[in-house]
Amino acid sequence: DQQVKQNSPSLSVQEGRISILNCDYTNSMFDYFLWYKKYPAEGPTFLISISSIKDKNEDGRFTVFLNKSAKHLSLHIVPSQPGDSAVYFCAAKSRGGYNKLIFGAGTRLAVHP
Amino acid sequence: GAGVSQSPSNKVTEKGKDVELRCDPISGHTALYWYRQSLGQGLEFLIYFQGNSAPDKSGLPSDRFSAERTGGSVSTLTIQRTQQEDSAVYLCASSLGVPPLHFGNGTRLTVT
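Residues numbered from 1 in each chain as written. Chains lettered and ligands numbered in written order. Predicted model: local features only at pLDDT ≥ 70, side-chain atom pairs only at ≥ 80, totals over all residues. Heavy atoms only, no water.

**Student:** What should I look at first to understand the overall build of chain B in this one?
**Tutor:** The number of helices and strands found in chain B is zero helices and ten strands. Computed over the C-alpha atoms, the radius of gyration of chain B is 13 Å, within 12% of the 13 Å expected from 2.2 N^0.38 for a compact globule of 112 residues. Along the longest, intermediate and shortest principal axes, the C-alpha atoms of chain B span 35 × 30 × 25 Å. Residue burial in chain B is summarised as follows: out of 112 residues, 48% are buried. In chain B, the share of contacts with a sequence separation of at least 24, taken over all contacts with a separation of at least 6, comes to 55%. Split by element, the accessible area of chain B, about 5,400 Å² in all, is 45% carbon and sulfur. (Helix = DSSP H or I, 4+ residues; strand = E, 2+ residues; numbered from the N terminus. Rg over C-alpha atoms; globule rule 2.2 N^0.38 Å. Buried < 20%, exposed > 50% of the residue type's maximum accessible area, 1.4 Å probe, protein only. Contact = heavy atoms within 4.5 Å. Areas by Shrake-Rupley, 256 points an atom, 1.4 Å probe, with all protein chains shown as cover.)

**Student:** Would you mind going over the overall build of chain A with me for this structure?
**Tutor:** Assigned secondary structure in chain A consists of zero helices and eleven strands. Ordering the α and β elements of chain A from the N terminus gives β-β-β-β-β-β-β-β-β-β-β. The C-alpha atoms of chain A give 13 Å as radius of gyration, which agrees with the globular expectation for 113 residues (13 Å, within 12%). Within the span of chain A, comprising 113 residues, buried residues form 44% of the whole. Nonlocal contacts in chain A, meaning residues at least 24 apart in sequence, comprise 54% of its contacts between residues at least 6 apart. If you sum the accessible surface of chain A, you get close to 5,500 Å²; carbon and sulfur atoms cover 50% of it.

**Student:** Teacher, can you tell me more about the pattern of salt bridges here?
**Tutor:** Side chains that differ in sign of charge can pair as their charged atoms come close. Considering all chains together, one arrives at seven salt bridges over all chains under this definition. Residue A:Lys93 pairs with A:Asp31 through a salt bridge whose shortest N-O separation is 3.1 Å. On the criterion of sequence distance, the pair formed by A:Lys93 in strand 9 (residues 86–94) and A:Asp31 in strand 4 (residues 30–38) is long-range, its members being 62 residues apart. Classification of A:Asp31 as buried rests on a relative accessible area of 18%. A salt bridge links B:Asp56 to A:Lys100, with the nearest nitrogen and oxygen atoms 3.3 Å apart. Separated into two different chains, B:Asp56 in the loop between strand 5 (43–50) and strand 6 (65–69) and A:Lys100 in the loop between strand 9 and strand 10 (101–103) make up a pair that spans both. A relative accessible area of 11% places B:Asp56 in the buried class. (Salt bridge = Lys/Arg side-chain N within 4 Å of Asp/Glu carboxyl O.)

**Student:** How should I be thinking about the nonpolar core in this particular structure?
**Tutor:** Generally speaking, soluble globular proteins have nonpolar side chains that are buried together. Ranked by internal contacts, the top residues of the largest apolar core, which has 23 residues, are A:Phe33, A:Trp35, A:Leu73, A:Leu75 and A:Tyr88. Among the secondary structure elements, those contributing two or more residues to this core are strand 3 (19–25), strand 4, strand 5 (45–51), strand 7 (62–67), strand 8 (72–77), strand 9 and strand 11 (107–112) of chain A. The leading source of residues in this core is strand 9 of chain A, at four residues. Those residues in contact with A:Leu75 that sit more than four places away from it in its chain are A:Ser19, A:Ile20, A:Leu21, A:Trp35, A:Leu47, A:Ile48, A:Phe62, A:Thr63 and A:Tyr88. In terms of nonpolar packing, the next biggest core, distinct from the first, is built from 19 residues, B:Val19, B:Cys23, B:Ile79 and B:Leu109 among them. (Core = buried A, V, L, I, M, F, W, Y, C linked by side-chain atoms within 4.5 Å.)

**Student:** Looking at this model, I keep getting lost on the sheet that holds strand 3 (residues 19–24) of chain B. Mind explaining?
**Tutor:** What links the strands of a sheet is backbone hydrogen bonding, and the strands pair in either a parallel or an antiparallel sense. Residue and element names in this part refer to chain B. Read across the open sheet, the four strands follow the order 1-3-7-6; overall the sheet is antiparallel. Of all the strands in the sheet, the pair left with one neighbour each is strand 1 (5–7) and strand 6. The sheet shows a mean angle of 15° between the axes of neighbouring strands, taken without regard to direction. Where strand 6 meets strand 7 (residues 75–79), five bridges bridge the pair, whose relative direction is antiparallel. Bridged to Glu68 within strand 7 is Thr76. (Pairing = 2+ DSSP bridges. Axes fitted to C-alpha atoms, helices over the stretch in contact; angles between N-to-C directions.)

**Student:** Explain the pairing of strand 5 of chain A to me, please; I cannot follow it from the model alone.
**Tutor:** Residues in a regular strand point their side chains to alternate faces of the sheet. All names here are of chain A. Alignment of strand 4 against strand 5, held across six bridges, turns out to be antiparallel. Bridged to Trp35 within strand 5 is Ile48. The antiparallel hairpin formed by strand 4 and strand 5 contains six residues in its connecting segment, where Ala41 sits at a positive phi of about 65°.

**Student:** Looking at this structure, I do not really get the interface of chain A and chain B. What am I missing?
**Tutor:** Interface size is commonly expressed as the accessible area that is lost once the parts come together. Facing 18 residues of chain A, the contacting portion of chain B comprises 19 residues. Contact between chain A and chain B buries roughly 1,500 Å² in total, counting both sides, with carbon and sulfur atoms accounting for 64%. When the buried surface of chain A facing chain B is broken down by residue, A:Asn99, A:Lys100 and A:Phe103 rank first, second and third, together holding 36% of it. Listed by contribution, the elements that provide at least two residues to the side of chain A that touches chain B are strand 4, strand 9 and strand 10 of chain A. The biggest single contributor to the side of chain A that touches chain B is strand 4 of chain A, with four residues. Counted by class, the side of chain A that touches chain B contains eleven nonpolar, three polar and four charged residues. (Buried area = accessible area lost by both parts, 1.4 Å probe. Nonpolar A, V, L, I, M, F, W, Y, C, P; charged D, E, K, R; others polar.)

The structure is reproduced here in structure tokens:
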């Protein structure tokens, strides 16, 4: 049972436009969400996070939105740049003391000129 | 500052052999995690160490997999009697006890 789902395996966006990556979850115990970016042959790197008490967090070109009623979060990148081309993973942590993260399957973003 | 270091970066082994994968976490990080990523898949949780607490082994796929963390620092993931389905990138991460996790570049394991 996939608790964190990224239903789009890939996304192609033109440079300068907005990229929107989506993530759905099923576990209502999740209280913290993160986005990671991964280049080939490298480990995932942390991008941005959001607590379940918020509905938006912004850091430069990156904004994460959380809709708890829909159990949905999204990552917006604007403007998109070719260097943003990577695989993006959504991850979630459950309240209750354990700090392990459950990851989605990832979305491959391609930003083309 | 040094990040999470994993060795070897690549490992090719024959089916049935044992392998050991090593992880050096970021200095001072109390939590250490092992994940793996099979081809075309997401990150699958394997095991989590937090300080002196008993590790969370709930993600280990079989009893052929084990891990230890010595002195609260370096960790070794051991796979006994490797099978072809064990082929994957094994990722180690560390943290200050709470997210975010900081990942190493992984060990690519190929079982022939």
